[in-house]
Amino acid sequence: MSNELAEWKARYERLALLRRISHAAGAAPTSAAALEVLLRAALEVTRADAGFIALMNPNTGFLEVEAAAGLPHPTGELQLRVSEGLAGWATRSGRPARVNDVRTEPRYFALRQQTRAELAAPLDVGDQARGVLCVMADRTNAFTAADEEWLVELADEAERLIRRLWSFEQLRLKARLFETLASVSRAIHSTLNLDDALRVITREARTLMQAKMCSLLLLDETREWLDLRASDGAGPAYVNKPRLSAGESLLGVVVRRRKPLQIANVQTSGRYQ
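Numbering of residues begins from 1 in every chain and follows the order in which that chain's sequence is written. In view of the model being predicted, local features appear only for residues whose pLDDT reaches at least 70, and side-chain atom pairs are presented and counted only at 80 or more, with totals across whole chains, interfaces and linings using the full set of residues. Hydrogen atoms and water are omitted, and side-chain values are computed over all heavy atoms in the structure.

(A) The arrangement of the pairing of strand S2 (residues 62-69) in detail. Strand pairing is assigned whenever DSSP identifies at least 2 bridges connecting the two strands. Elements are defined by DSSP. Helices are runs of H or I of four residues or more, strands are runs of E of two residues or more, and each kind is numbered from the N terminus. Pairing between strand S1 (residues 50-56) and S2: six bridges, direction antiparallel. By the bridge assignment for S2, Met56 is matched with Leu63. With antiparallel pairing between neighbouring strands as the criterion, S1 and S2 make up a hairpin whose turn holds five residues, including Gly61 at a positive phi of roughly 80 degrees. Bridge count between S2 and strand S3 (residues 79-81): three bridges; the pairing is antiparallel. Residue Leu63 lies in a different strand from S3, and its bridge partner there is Leu80.

(B) The arrangement of the confidence of the model for the protein chain in detail. The pLDDT score gives, residue by residue, the confidence of the prediction method on a 0 to 100 scale. In this model, the protein chain carries an average pLDDT of 81, and 81% of its residues clear a pLDDT of 70 or more. At the level of individual helices and strands, the protein chain shows its lowest average pLDDT in helix H1 (residues 2-26), which scores 60, and its highest in strand S4 (residues 97-99), which scores 95.

(C) Geometry of the side chain of Thr115. By the secondary structure assignment, Thr115 is in the loop between S4 and strand S5 (117-124). Contacts were defined at the residue level, with two residues in contact if any of their heavy atoms lie within 4.5 Å. Excluding residues that lie within four positions of it along the chain, Thr115 makes contacts with Val102, Tyr108, Met136, Ala137 and Asp138.

(D) Focus on the side chain of Arg112. Its location among the elements puts Arg112 in the loop between S4 and S5. A distance of 3.0 Å separates a polar atom in the side chain of Arg112 from the backbone oxygen of Gly70. Polar contacts involving the side chain of Arg112 include one to the side chain of Thr115, which spans 2.8 Å. In this structure, Arg112 is in contact with Asp49, Ala50, Gly70, Leu71, Pro72, Met136 and Asp138, ignoring residues within four places of it in sequence. As used in this structure description, the phrase polar contact means that two N or O atoms lie within 3.5 Å; if the pair is within protein, one of them must be able to donate a hydrogen and the other to accept it, and residues adjacent in sequence are counted only when both atoms belong to side chains.

(E) Local environment of the pattern of salt bridges. For this analysis, a salt bridge means a side-chain nitrogen from Lys or Arg found within 4 Å of a carboxyl oxygen belonging to Asp or Glu. With the rule as written, the count across this model stands at 13 salt bridges. One salt bridge in this structure joins Arg206 and Asp232, with 2.9 Å as the shortest N-O distance. Taken together, the residues span a long stretch of sequence, with Arg206 in helix H5 (residues 194-209) and Asp232 in strand S8 (residues 225-232) at a distance of 26 residues. Under the scheme applied here, a residue whose accessible area is under 20% of the maximum for its type counts as buried, over 50% as exposed, and between as partly exposed, the area being computed with a 1.4 Å probe on protein chains only. With a relative accessible area of 27%, Arg206 lands in the partly exposed category. Where Asp220 meets Arg243, a salt bridge forms, and the shortest distance between an N and an O atom there is 3.2 Å. Placement of Asp220 in the loop between strand S7 (214-219) and S8 and of Arg243 in the loop between helix H6 (236-239) and strand S9 (244-245) is noted, with a sequence separation of 23 residues between them. In this structure Arg243 comes out as partly exposed when scored by relative accessible area, which is 40%.

Here it is as structure tokens:
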């Protein structure tokens, strides 16, 4: 009976801790702050030295680190291939991975030289996005089966939180979009000048997307060249740059295919000008 009581007590304490973590994460002002709360809890519960939460970008196929602790890479700049490492394996397979000596593990991909043990739990957050919660320790045999159960439960909590935050963010984005469309509509109807209307569109688009610069280009009469007609936030070098070829530029690809295009890093694209 004492063992059973101890088990029930441990289970109750775990549920109470999960409720406190969920409440703290839910009260965070942003999704990034909420993920930081969950990650700190994962590190504390498993006694880990480092860790991260990464979500898959459906456009690039990379795992993008949204929250991190103890890593040499800045958060937001680290991208992981889904084909590499225990984190990638957990994401692909949908199963947790626990390795207590990474030096003997062929699936291991080093993010920290001092890591000796690693534990990863997958995040299933919708049909088009997946992710992983991963913790690392500087000692071998650092993680137990109980730690794995804990991390899986925290990953489940992270899934629920991410879904909830994404829903709120989508609603806020839609509200901003409607406000932007209304502003553009008023501006267009108040002027008969096409260039003025295009400038309003680029200004509002830049504000909506929180971008550094926004430009609008139109095909010329030959449909072979793209001419800059309006911009917001652009410097003299951009405004005075040569016209773009519709057949040999990234923007030309968008025009020809009539589909949007997202490039994670234009500096690695051979078509970027």
